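Analysis of the macromolecular model
One-letter residues, chain by chain:
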Amino acid sequence: MNEQIRAREVRLVGPEGEQVGIVPLERALQLAADVDLDLVEVAPMARPPVCKLMDFGKFKYESALKAREARRNQQQTVIKEMKLRPKIDPHDYETKKGHVMRFLKAGDKVKVTIMFRGREQSRPELGYRLLRRLESEITDLGYVEAAPKQDGRNMIMVLAPHRATKAAAAAATAARGSGSSRDRDSAVEASPDAASGPAGTTGE
């Protein structure tokens, strides 16, 4: 950048992306100084290297903002697990189904495990039927990503949220984060000036 550039001449690009052409390095530095901008190498391996006139401080700031926003919008995939018994009580089933729906609404995947014990292992259709019932009752929120399969004494199925469900969860998370930031800013604005000292003192 600027005087750190060692090439004798550069292919210069203006601040709006316009092509200026190949000019001596001294001329490019003078043009940058004339408009109070930096001369930044954007393609140092080119021959001659490509340089652009820009406000490098502003460019770094905007790039950091974009990177932070991208990280904020990137939602990591979380896999929750819900365990059921093939002869689960109807009330327990509804409770656990509610948990599964809550996980999907939050944008998480859910691994549903049917645990067989003793003679139940000879009746895998009970677990399969239960998983299919659960699948049919959560179709508004998610879909079966991995079909039911036997894994030792357990039967496992993986549910994933629909794209729209996951997007809604990400938007809700972003909105909560924005609200928290506004609350913190309001709290700072409402707090008394620490420099004014305790009440009743004059600072004399």
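Below you will find a few notes about this structure. (Residues numbered from 1 in each chain as written. Predicted model: local features only at pLDDT ≥ 70, side-chain atom pairs only at ≥ 80, totals over all residues. Heavy atoms only, no water.)

Here we take up the pattern of salt bridges. Within this structure, the stated rule accounts for 9 salt bridges. Two residues, glutamate 145 and lysine 109, come together in a salt bridge whose shortest N-O distance is 2.9 Å. Here lysine 109 lies in strand E6 (residues 109-115) and glutamate 145 lies in strand E7 (residues 142-151), a separation of 36 residues in the sequence. The exposure class of glutamate 145 is partly exposed, given its relative accessible area of 40%. The residue glutamate 125 makes a salt bridge to arginine 123 at a minimum N-O spacing of 2.5 Å. Of the residues examined, glutamate 125 reaches a relative accessible area of 34% and is grouped as partly exposed. A relative accessible area of 38% means that arginine 123 is categorised as partly exposed. (Salt bridge = Lys/Arg side-chain N within 4 Å of Asp/Glu carboxyl O. Helix = DSSP H or I, 4+ residues; strand = E, 2+ residues; numbered from the N terminus. Buried < 20%, exposed > 50% of the residue type's maximum accessible area, 1.4 Å probe, protein only.)

Attention now moves to the nonpolar core. The biggest cluster of nonpolar side chains holds 19 residues, and the ones touching the most others in it are Leu84, Leu104, Val110, Val112, Ile114 and Leu159. With 4 residues, helix H3 (residues 90-105) is the single largest residue contributor to this core. Other than its neighbours up to four places away in sequence, leucine 84 contacts Lys96, Val112, Thr113, Ile114, Met115 and Leu130. Among the nonpolar cores identified, the runner-up in size contains 10 residues, and Val10, Leu25, Ala28 and Leu53 belong to it. (Core = buried A, V, L, I, M, F, W, Y, C linked by side-chain atoms within 4.5 Å. Contact = heavy atoms within 4.5 Å.)

Each neighbour pair has its own omega, and for arginine 47 with proline 48 the value is -5°, a cis peptide bond. Following the sequence through the fold, proline 48 ends up in the loop between strand E3 (38-43) and strand E4 (50-54). A positive phi angle is found at asparagine 2, which is not glycine, with a value near 50°. Here asparagine 2 shows up in the segment before strand E1 (9-13). Residue asparagine 2 is classed as buried on the basis of its relative accessible area of 16%. A positive phi is found at aspartate 36, a non-glycine position, where the angle reads about 55°. Mapped onto the elements, aspartate 36 comes out in the loop between helix H1 (25-34) and E3.

This brings us to the packing of aromatic side chains. Considering all chains together, one arrives at 1 aromatic pair under this definition. Above the ring of tyrosine 93, the side-chain terminus of arginine 133 is found at 4.0 Å from the ring centroid. (Phe/Tyr/Trp six-rings, centres within 6.5 Å; stacked < 30°, edge-to-face > 60°. Lys NZ or Arg CZ within 6 Å of the ring centre and 35° of its normal.)

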